[in-house]
Amino acid sequence: MKKKYIAWFNEISKDDVALVGGKGANLGEMWNAKIPVPFGFVVTSAAYQAFLDDTGIERKIRDVLKLLNHKDPKNLSQVASKIQKIISAAHMPRDIAREIMTSYADLSRKSKGESIRSKLFTSLQNPYVAVRSSATAEDLPNASFAGQQATFLNVSGEANVVKKVQEAWASLFTPRAIFYREEQHFDHMKVGIAVPVQLMVSSQVSGVMFTIDPISNDKNCIVIEAILGLGELIVQGEVTPDHFEVEKKKLQLLNKKISPQGKAMMQVNGKNKIIAVKEKDGQRQKISDADVLKVAKIGKLLEKHYFFPQDIEWALEGGEIYIVQTRPITTIKKSAKKPSENETKITLPVLISGDPASPGITWGPAKVIYHASQIDRVKEGDVLVTEQTNPDFVPAMKRAVAIVTERGGRTSHAAIVSRELGIPAVVGALKATKLIPTGTVVTVHGTKGTVYKGALTQAEKNKILASTASTRGSTLKTATKVYVNLATPTRVEEVAKMNVDGIGLLRAEFMIADIGTHPKKLIKEHKEGIFINKLAGDLVKFCKAFHPRPVVYRATDFKTNEYRNLIGGKEFEPEEPNPMLGYRGAYRYIADPKVFELELEAIKKVRNKYGLRNLWLMLPFVRTVEDLINVKKIIAANGLSRSSSFKLWMMVEIPSNVILLDKFCEAGIDGVSIGSNDLTMLILGTDRDNTEVAPEFNEQNPAVLWAIERVIKTCLKYGVTSSICGQAPSDYPELVEKLVSWGVTSMSVNSDAVNRVRETISDVESKLVRKRKN
C-alpha cells in the first residue's frame, strides 16, 4: 500500500504494519477475512510523520529526551509530560485535519454499505467512535506490552475526533511507553503511531479470549473471560471476570467460574461512566454458554487464519459478537502442568488464594503499594502486592520476583505482563493488600494460585517445580531432530534423559577453561597428556550419557583475549584491537596446528580406547574454502577420516559461508550448523553486546532470513544435513515454522527450551502434512 494519511479497513492487510501499526493491520486483516469487526479507518503513521515534519517539533522532542533517566520515575514523568505538551500544543496541519474530518463524515455512509458484513452501522450524522492507538512497535510477535498509548471511547463530532487523534499521537510519549522503548532499546523517533477510528460497540458484555490456555499452554483449550459493560475494566484488572474454558476441537464447554462484579463501565448519554452493578446482576453469569461457544468458534477461526495462538478482545451488543482486536500471544513459555493431587504438599500456612495467572513458584518480602506513584518503593526481589496493575506499574513489575493482585483475571494486565516477564503471579486474591503486610516473607505459587506465609527451602521448590513440568514435549517424535547445546558435564546425566536426539553443539571452551592452563604452556612443558586426558575424560561423560545418539563437538574457538586469561596465556596470545574478527577458528588451526592436534588426540582416545563412536567433530569460523581443505588435511594426517560413524560438520556463521556454500559442500562436509547469533551480527555489521547498537541486532531481519533459507536449501541440494544452534529457534516460534518448511534437518537449543521447541516443530510438521494432503 502506498503511503497516505487515511486507510479504510477494507484496504488494509496484515502486511501493512509499517503504515497502520500492528493493531490497525490486524483490524484490516480481520475485516477482509470476514471476521465480525466494527468498521472504520486508520489515520496512518505517514500522517504522524508528516505532522512531525510540518511542525518541526522532532528536534524539540529529541532535546527533551537528552534529559531522560528512565530508571528515575520522577524524571521519567517530567520528560513525558514535557513531550506530550509539545505534541498537543503543535498545530495540526490543515490537510491532515481535513482528511480525518472527511473520513469521519463518510463513516456513517460507508458503514451502511458494509452492513451486510458487519451488522453494526449507524445513521447518526456524528456517530460514536473509538479512537485507538496502534504503534508500529506494538503488538509485534516479540512483545506484549500493548496498551501503552491512549484509547478514547465514545468520541463524537469531527473536531473531537481530530483532537483525540492528536492526543493519541501525544500518548506515544507516556511514561510507560517511553520506559518500554528504553528497555527494548528502540529509537523513540523511529517508532511511529497510527490511529484506528472505528464504530463504537456499546457492549452489554465484553471480554478477552486466549486461543490456548495462557497458564498451562494447553493448545486444545480456549480460555474466555467476560464482564458486564465495556472491556476497559477487564484489561485493567479492575474487576475479576467470569472464566470459561472450552475444548478447542469439539467446541465443548469444559469449565466455568463465575465471579461477582460490583461495577461496570457503561455508555451513559454518550459518555463512559463507572456505575454500580446491582448485586443480583453482578452475581449472575455474564454471558450464556451458547455465546461462549460462539466466541470460541471465532477464536478458533482467527488462530487458523494467523497460524498462531491469538489474544483477542471481543464485545457483545444486541446479541451480536464483535472482535475489536487480535494479536499473537507473546507469552508462550515452557509449558507447566496444572497442579495434581500427587504434587508435593507445601506445609507453610496459606495466607490467601486467588486465580493462577503466571506459572512458577518463588518467595520474597511483600511490598504493598496502591498507586503507580509508589512504584519506587518496590525493590529488586520484592513480591509486589497491589489492588491491580496498569502499564505504569511495569518498571516495578520488572524488579519484582512475583506479583499478587486483589482484582483481575488471567487475561488482565498483571497476568499478561507477569507471563511476559516469566515471574509467578496470583490475581483475584481478595483483600490481599490487607492480609499481606509489607515486609512479610511470602511464597507465591503462580501455578496453583496460592500465597503462603514464609519461604520454601530451595530443595522443596525444585521438587515442586519438577512435579509441574511439561511432559508433552518430552514424549513427542518429530521428523526434524531436536538436539541440545551443552558446555560442561555438570548436568549431562539429567539432560540425557530428556527427549533429545543428541548434542548438536558441545562447546570446547568451557572444558578447556576448566583445565585452566593455556595448552601451549602445557606443550612447552611437555605436559600434553594433561590436556588430552582431561578433555577426553569430559568428552567420555557426554558420549556415554547420550550413546548411541550423536555428540557434535565443536573444536576450540577461543579468541585471543579469552585465551590470554588462561594460565600462561599472555606469553602466547597477541593483543588484538578486534578479537572477534581476529586470530581464531580454523585459521588458527592452520597457522599453528599443535593445539588442534591435541584435541584430535582426545577425540581419537574417546572413539578408539572407549569405543564411543558417537563423537563427531564440528569446525568453527571457517573463513574460506581453502581453510576448510587445509584443516581437513590436518584431521586426516592425525588418523581421523569421515565415515558413517564420524561426521564432519562446519559452522555457518560468516557471510562467506553463505555465499560460497556450494563450494564448501563440494570440498567435503557432512553437515552444517548455522550459528544464528554470529551470522546475524556479521550480516548486519552489529555488535550485539554493544548497547549503543544492540537494537539493530535482529535474527529475523530479512537479510538474515534470506541467508538461513539459502543455507538450508543449498544443503538439501548436496545431501548435507543442516542444523541451527543459535538462540533464534528458542525465541521465535514463527521462525521454527520457516525452518521446517525450508527443510532444516535439526535444531539445537538450550536444555530449558527443548520441550517447547519440540512441541512447536510437531505442530508445524502436522500443519505441513495437512497442507500437502489438501
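Sequence order as written defines residue numbering, which begins from 1 separately in each chain. A pLDDT threshold of at least 70 governs which residues receive local features in this predicted model, and a stricter bar of 80 or more applies before side-chain atom pairs are shown or counted, although totals over entire chains, interfaces and linings include all residues. To get the side-chain values, all heavy atoms of the structure are used, and hydrogens and water are removed first.

### A short note on the overall build of the chain
The criterion, for reference: Secondary structure elements follow DSSP: runs of H or I of four or more residues count as helices, runs of E of two or more count as strands, with numbering from the N terminus. Radius of gyration means the value over C-alpha atoms here, while the globule rule gives 2.2 Å times the residue count to the 0.38 power. Per-residue accessibility, obtained with a 1.4 Å probe over protein chains only, is compared with the maximum for each type, and a residue is labelled buried under 20%, exposed over 50%, and partly exposed between these values. Whether two residues are in contact is decided by their heavy atoms: any pair within 4.5 Å suffices. This count recognises Lys and Arg as positive and Asp and Glu as negative, with His and chain-terminal groups excluded. Charge placement uses NZ in Lys and CZ in Arg. For Asp and Glu, CG and CD serve respectively.
Scanning the chain from N- to C-terminus turns up 31 helices and 30 strands. The C-alpha radius of gyration computed for the chain amounts to 29 Å, which stays within 12% of the reference 28 Å derived for 774 residues, consistent with globular compactness. On the principal axes, the C-alpha backbone points of the chain span a range of 90 × 65 × 60 Å. Within the chain, the proportion of its 774 residues that are buried is 57%. Counting contacts in the chain only where the partners sit at least 6 residues apart, residues at least 24 apart contribute 67% of the total. Averaged over its 108 positive side-chain charges, the chain has a centre that lies 3 Å from the centre of its 86 negative ones.

### A look at empty space enclosed by the protein
Filter applied, for reference: Points on a 1 Å grid, built from protein atoms alone, make a cavity when a 1.4 Å probe fits but cannot get out and make a pocket when they are open with protein on both sides within 12 Å along at least 5 of 7 lines; residues with an atom within 4 Å of a point are the lining residues. Grid points are joined across faces, edges and corners, and a volume is the space filled by probe spheres set on the points. Each residue is assigned to one of three groups, with Ala, Val, Leu, Ile, Met, Phe, Trp, Tyr, Cys and Pro labelled nonpolar, Asp, Glu, Lys and Arg labelled charged, and all others, Gly among them, labelled polar.
Following the criterion strictly, the structure yields five cavities of 30 Å³ or more and no others. For the largest cavity, the full set of lining residues is His518, Lys520, Thr556, Tyr563, Tyr583, Arg588, Tyr589, Asp592, Val595 and Phe596. A per-class count over the lining of the largest cavity returns five nonpolar, two polar and three charged.

### A few points about the sheet that holds strand E13 (residues 310-317)
In a beta sheet, neighbouring strands are held together by backbone hydrogen bonds and run either parallel or antiparallel to one another. Applicable threshold: Two strands are counted as paired when DSSP detects at least two bridges linking them. Axis definition: a line fitted to C-alpha atoms, limited for helices to the stretch in contact. Angles are taken between N-to-C directions and run from 0 to 180 degrees.
Across the sheet, six strands lie side by side as E10-E9-E8-E7-E13-E14; this open sheet has antiparallel pairing. Where the open sheet ends on each side, the last strands, each with one partner, are strand E10 (252-257) and strand E14 (320-328). When the angles between neighbouring strand axes are averaged without regard to direction, this sheet yields 20°. Where strand E9 (residues 242-247) lies against E10, five bridges are found, and the strand directions are antiparallel. By the bridge assignment, histidine 243 is partnered in E10 with lysine 257. Along the sheet face, helix H11 (residues 289-306) touches strand E7 (205-210), strand E8 (221-228), E9, E10, E13 and E14 and points at about 40° away from the line of E14.

### As for the packing of aromatic side chains
Selection criterion: Only centres within 6.5 Å qualify two rings of Phe, Tyr or Trp (six-membered ring in Trp) as a pair; their planes then separate them into stacked at under 30 degrees, edge-to-face at over 60, and tilted for everything else.
The full count for this structure, using the stated rule, is ten aromatic pairs. For the pair tyrosine 483 and tryptophan 649, a centre-to-centre distance of 6.3 Å together with 50° between the ring planes defines the contact as tilted. On the criterion of sequence distance, the pair formed by tyrosine 483 in strand E23 (residues 481-486) and tryptophan 649 in strand E27 (residues 648-652) is long-range, its members being 166 residues apart. Judged by relative accessible area, which is 4%, tyrosine 483 ranks as buried. Look at tryptophan 649 and you get buried, because its relative accessible area is 3%. Measuring from ring centre to ring centre gives 6.2 Å for tyrosine 583 and tyrosine 587, while their planes differ by 75°; the resulting arrangement is edge-to-face. Of the residues examined, tyrosine 587 reaches a relative accessible area of 44% and is grouped as partly exposed.

### Observations concerning helix H28 (residues 702-718)
The criterion, for reference: Under the convention used throughout, the expected extent of a helix is 1.5 Å for every residue step, that is, one less than its residue count. Counted as a polar contact is a pair of N or O atoms within 3.5 Å, where, for protein atoms, one must be capable of donating a hydrogen and the other of accepting one, and residues adjacent in sequence contribute only when both atoms are in side chains.
Taking 1.5 Å per residue as the helical rise, H28 with its 17 residues ought to reach 24 Å, and the 24 Å between its terminal C-alpha atoms agrees with that figure. Inspection of H28 places Val704, Leu705, Ala707, Ile708, Val711, Ile712, Thr714 and Cys715 among the buried residues, and these make up the whole buried set. For H28, the capping residue at the N-terminal end is asparagine 701, with a side-chain oxygen 2.8 Å from the backbone nitrogen of alanine 703. Directly after H28, the chain includes glycine 719, whose backbone phi takes a positive value near 70°.

### Considering the state of the cysteines
Applied cut-off: In this description, a disulfide is simply a cysteine sulfur pair whose atoms lie within 2.5 Å.
Considering all chains together, one arrives at zero disulfides under this definition. Just so you know, cysteine 543 is unpaired, no disulfide at all, and the nearest cysteine sulfur is the one on cysteine 725, 18 Å from it. A disulfide-free cysteine, cysteine 665 has its sulfur positioned 4.9 Å from the sulfur of cysteine 715, the nearest such atom. The exposure class assigned to cysteine 665 is buried, which follows from its relative accessible area of 8%.

### Points about the nonpolar core
Worth spelling out the cut-off: Residue types Ala, Val, Leu, Ile, Met, Phe, Trp, Tyr and Cys, when buried and joined through side-chain atoms within 4.5 Å, form a set referred to as a nonpolar core.
One finds Val43, Ile61, Trp169, Phe173, Ile224 and Trp314 to be the most contacted residues of the largest nonpolar core, which totals 103 residues. Setting aside chain neighbours within four positions, we find tryptophan 169 in contact with Val43, Ala47, Tyr48, Phe51, Ile87, Met92, Ile96, Ile193 and Val195.

### Let's talk about the environment of lysine 164
Position of lysine 164 among the secondary structure elements: in helix H7 (residues 158-170). Look at lysine 164 and you get partly exposed, because its relative accessible area is 21%. Considered as a pair, lysine 164 and leucine 301 are 137 residues apart in the sequence and their alpha carbons are 33 Å apart. Ignoring anything within four residues of it in the chain, the contact list for lysine 164 reads Val131, Phe152 and Val155.

### What to know about a negative patch on the surface
As a reminder, the rule being used: By definition, no residue in a patch forms a salt bridge, and every one has over 30% relative accessible area; like charges are joined within 9 Å, nonpolar side chains (Val, Leu, Ile, Met, Phe, Trp, Tyr) within 5 Å. Accessible areas in this description were obtained via Shrake-Rupley with a 1.4 Å probe; residue shielding takes into account the shown protein chains only. Just to be clear on terms, a salt bridge is a Lys or Arg side-chain nitrogen sitting within 4 Å of an Asp or Glu carboxyl oxygen.
A cluster of acidic residues, Asp53, Asp54, Asp95 and Glu99, forms a negative patch on the protein surface. Those elements that place two or more of their residues in the negative patch are helix H2 (45-55) and helix H5 (94-113). The topology assignment puts aspartate 53 in helix H2.

### Some points on the environment of leucine 233
Structurally, leucine 233 is set in helix H9 (residues 232-236). Once the C-alpha coordinates of leucine 233 and lysine 263 are considered, the two residues, 30 residues apart in sequence, prove to be 9.1 Å apart. What leucine 233 contacts, discounting residues up to four positions off in sequence, is Ile227, Glu238, Val239, Lys263, Ala264, Met265 and Ile274.

### Points about the pattern of salt bridges
If you walk through the whole model with that rule in mind, you get 31 salt bridges. Ionic pairing is found between aspartate 63 and lysine 66, a salt bridge with its closest N-O pair at 3.7 Å. Of the charged contacts, one joins aspartate 289 and lysine 256 as a salt bridge, the two residues approaching to 3.2 Å between their closest N and O atoms. Note that aspartate 289 is positioned in helix H11 and lysine 256 in strand E10, a separation of 33 residues in sequence. For lysine 256, a relative accessible area of 37% puts it in the partly exposed group.

### What about the sheet that holds strand E16 (residues 355-358)?
With respect to topology, eight strands assemble into an open sheet ordered E15-E22-E21-E17-E18-E19-E20-E16, the strand pairing being mixed. In the strand order of this sheet, the two ends are held by strand E15 (350-353) and E16, each with one partner. Adjacent strand axes in the sheet meet at a mean angle of 30° when their direction is disregarded. As paired strands, strand E18 (residues 383-386) and strand E19 (residues 402-405) are joined by four bridges and run parallel to one another. Along E19, the bridge assignment pairs valine 383 with alanine 402.

### Digging into the packing of helix H27 (residues 676-684) against H28
To keep it simple, the criterion reads: Convention used here: angles under 35 degrees read as roughly parallel, angles over 145 as roughly antiparallel, angles from 65 to 115 as roughly perpendicular, and any remaining angle as oblique. Two helices that cross are described as forming a left-handed crossing if the nearer one is turned anticlockwise from the farther one by less than a right angle, and a right-handed crossing if clockwise.
Two numbers describe how H27 lies on H28: the axes approach to 10 Å, and their chain directions differ by 125°. Overall, the two elements H27 and H28 adopt an arrangement that is oblique. Relative to H28, H27 is oriented so that their crossing is right-handed. Counted together, Leu679, Thr680, Ile683 and Leu684 of H27 and Ala703, Val704, Ala707 and Ile708 of H28 form the full contact between these two elements. Class assignment for the residues of the contact of H27 with H28 results in seven nonpolar, one polar and no charged.

### A word on the pairing of strand E22 (residues 450-453)
Note that E15 and E22 share three bridges and pair antiparallel. The partner of isoleucine 352 across the bridge, within E22, is valine 451. Pairing of strand E21 (residues 441-445) with E22, which is carried by four bridges, proceeds in the antiparallel orientation. Bridge assignment links histidine 445 to a residue of E22, and that residue is threonine 450. Between E21 and E22, which pair antiparallel one after the other, the connecting turn spans four residues, and glycine 449 there sits at a positive phi close to 85°.

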